[in-house]
Amino acid sequence: MTSGLLLAAALLLSSFASAQQKPSSSSSSSSSSSMSSPADDTDRQPMPARPRISQPEATGSAVTLETSESLFDLATALNACGYDSDLEASAPIRKQVRDEITQALASGSAAARDHRDALCAYIRDHTLNDPGQNIAQYISLSLYLNPPPQLTPSAGETELPPDATQVVNILPLLRSFSEDVNLHALWITHRNDYEDLVKLVHDPMTKAILNTNIYLKMPVSSYDGRRFMVLLEPMLAPATTNARIYGNDYIVVVSPSGSPLGQVHMDQIRHTYLHYMVEPLVYARASAMDRLLPLLKTVQDAPLDFNYKSDVAALITECLIKAIEAHTMDVGVPKPQRPTQIRQRADMIAYDANVAAWEKEAEVVRKKQVDLNMRQGYVLAGYFYDKLGQMERDGVSLREDIAEMVYGMDVDREVHAARQIAFLPEGSNDFVKRAPRQLKGMDLAEMKLMKGDTAGAEEMADDALKANPNDARANYLAGRIELIHGDPNAAMEHLNKTLTLTKDPRTLAWTHIYLGRLYDIARNPDNPDQEHPERPKAIAEYKAALAVRDAQPDTRDAAEKGLKEPFLLPKRTQPNEDDEPLDPRGKAEKEAYRPSPQR
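So, a few notes on the structure that sits alongside this text.

The rules we used
- Residues numbered from 1 in each chain as written.
- Predicted model: local features only at pLDDT ≥ 70, side-chain atom pairs only at ≥ 80, totals over all residues.
- Heavy atoms only, no water.
- Helix = DSSP H or I, 4+ residues; strand = E, 2+ residues; numbered from the N terminus.
- Contact = heavy atoms within 4.5 Å.
- Core = buried A, V, L, I, M, F, W, Y, C linked by side-chain atoms within 4.5 Å.
- Buried < 20%, exposed > 50% of the residue type's maximum accessible area, 1.4 Å probe, protein only.
- Pairing = 2+ DSSP bridges.
- Phe/Tyr/Trp six-rings, centres within 6.5 Å; stacked < 30°, edge-to-face > 60°.

### Here we look at the environment of methionine 409
By the element assignment, methionine 409 lies in the loop between α16 (398–407) and α17 (411–419). On a C-alpha basis, the gap between methionine 409 and tyrosine 383 in space is 8.8 Å, while along the polypeptide they are 26 residues apart. Leaving out residues up to four positions away in the same chain, methionine 409 has contacts with Arg291, Leu292, Leu295, Ile316, Leu380, Tyr383, Phe384, Glu404 and Glu414.

Have a look at this one:
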């Protein structure tokens, strides 16, 4: 039925895709230092469920500086097998441990050396061309290990980060090596050395995090289920920082330098912390992301990771973080210090003049950084930089201002500006890695539907309903699939049942809107202006959607529009290729009946 297909496209494309966009972590701890954490984000959408990393949680604190014995074991094994990267710049403890391992093997049994050789052979066989990725795979694995002596995965193999699964079979060899050289005894012996390094890093890290909170005007609170964790491991190269975002866990693995002792890449720690602060604010506004999709088309030739070319929320987040970093960067020129004593008015006038001159010079440096960011592909860095400047002048927090930044963006203007940027041939490498979410159940079914695999989604919905006819999400999915099949009566049955089963405000709101639209299109197609007896029912559904108060503007706008005028199926048009919205999911052109963009 043609009208059924038109209706399905209209309903799905005007609502559900935008409603679904959401974002996508160590072992026994020897020393831990906690700090203030960002406040709960009451607007934040729940993060995808993933197995938590093995590092114990510090009670009452979401931001910690820790060490990990499992990470120590893996890093020491790498060192025993020729991992010499940045050795001369490392803290002295790295050479000490390496020497002790060498002595233990020399005085030990031939079997111990055989075990070491087997371990090293495994590492050689799994060497990657990219040295950073080569070490990263072992770091990812260490985050999901039970503490020694078990050294076993704390999650199922299918739930481990993809790079960790490539080297998971090292664990039996690692356990033998650990027992042969008594790595646990080495860990205990050098525990005080590790804690001394933690103390050296603690104060600078605390200062960086608190300064970030102050700039963003974000209050602090206790642990809210998300964690930002810095793991210190001196057996790794100090030149390299590894950062991970695994579900609700944000982890940075750093190694302190030897000179000056204890120095780490604080800018990279802070960059990951900004992800921890900013991501919940951006992803809570996933409903606004669809209207920003045209921006993805402007960065397809930019030197960016694929993630930023295919996920508009990720692009928005990184552009905002780049802008924050530009505003708070060290410009290389010391800011004038206020005089301790002001004896006459001329002293204050001179100080103000010096500050004004410094601000002008600093702004030139910051603008150059923003321009570089934009030429690297972060096309909204300039837009957010200007917005943050206004935020500073208004004295409001990022939490208060971000809605206007995202919803108030003139997308056409920013698309035009982005098309004028001459991108550099090479960009910056993103050291923050994210474990992809492993979709299951109705999450997987929803993704199948969004990708156009209606049959696959329908099969999963049917299976779920056979197992539990009162599965709210399965009913909601089945109702939308029946719209695609042109069966409004069956769709209405499942949608009405969804209303009795779900408590999720967003699902409730859109279910009412779907029902209202179903009633609206039931009018005589040959005379659509004729008043139809189902219109009062449609109005009641739109009012019910508003009463749900799901706090999202797309539902409110759709319901208010439905109250003003009956929903009409969009007419098919042939859009200009340049104006056609980019579809990063690679679906077929099923969006030919796309309704007007929601504002």
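Back to the write-up after that little detour.
### Regarding the nonpolar core
Ranked by internal contacts, the top residues of the largest apolar core, which has 119 residues, are Met205, Phe228, Leu320, Phe384 and Leu398. When residues in this core are grouped by element, the largest group, 11 residues, is from helix α13 (residues 312–328). With residues near it in sequence (within four places) discarded, leucine 398 still touches Leu216, Val278, Leu281, Leu320, Ile324, Leu388, Met391 and Met405. Among the nonpolar cores identified, the runner-up in size contains 17 residues, and Met492, Leu515, Ala538 and Ala558 belong to it.

### Concerning the pairing of strand β5 (residues 227–232)
Here β5 lies mainly inside the structure; six of its six residues are buried. Here β5 shows a buried face lined by Arg227, Met229 and Leu231 and a second buried face lined by Phe228, Val230 and Leu232. Sheet analysis places strand β3 (residues 63–66) next to β5, joined by four bridges and oriented parallel. Following the sheet pairing, leucine 65 is matched in β5 by valine 230. Bridge analysis of β5 against strand β7 (residues 249–254) gives six bridges, and the strand direction is parallel. Bridge pairing in β7 places phenylalanine 228 opposite tyrosine 250.

### A few points about the packing of aromatic side chains
On inspection of all chains with the given rule, the structure shows 12 aromatic pairs. Ring plane angle 45° and centroid distance 5.2 Å describe the contact between phenylalanine 72 and tryptophan 187, whose orientation is recorded as tilted. In this pair, phenylalanine 72 sits in helix α2 (residues 69–80) while tryptophan 187 sits in helix α8 (residues 183–189), placing the two residues 115 residues apart along the sequence. Summarising the burial analysis for this pair, phenylalanine 72 and tryptophan 187 share the class buried.

### As for the pairing of strand β6 (residues 242–246)
Within β6, five of the five residues are buried, which leaves the element mostly enclosed by the surrounding structure. Residues of β6 alternate between two faces, with Asn242, Arg244 and Tyr246 on one and Ala243 and Ile245 on the opposite face, all of them buried. Bridge analysis of β6 against β7 gives five bridges, and the strand direction is antiparallel. Bridged to asparagine 242 within β7 is valine 253. Adjacent in sequence and paired antiparallel, β6 and β7 are bridged by two residues, among which glycine 247 carries a positive phi angle near 60°.

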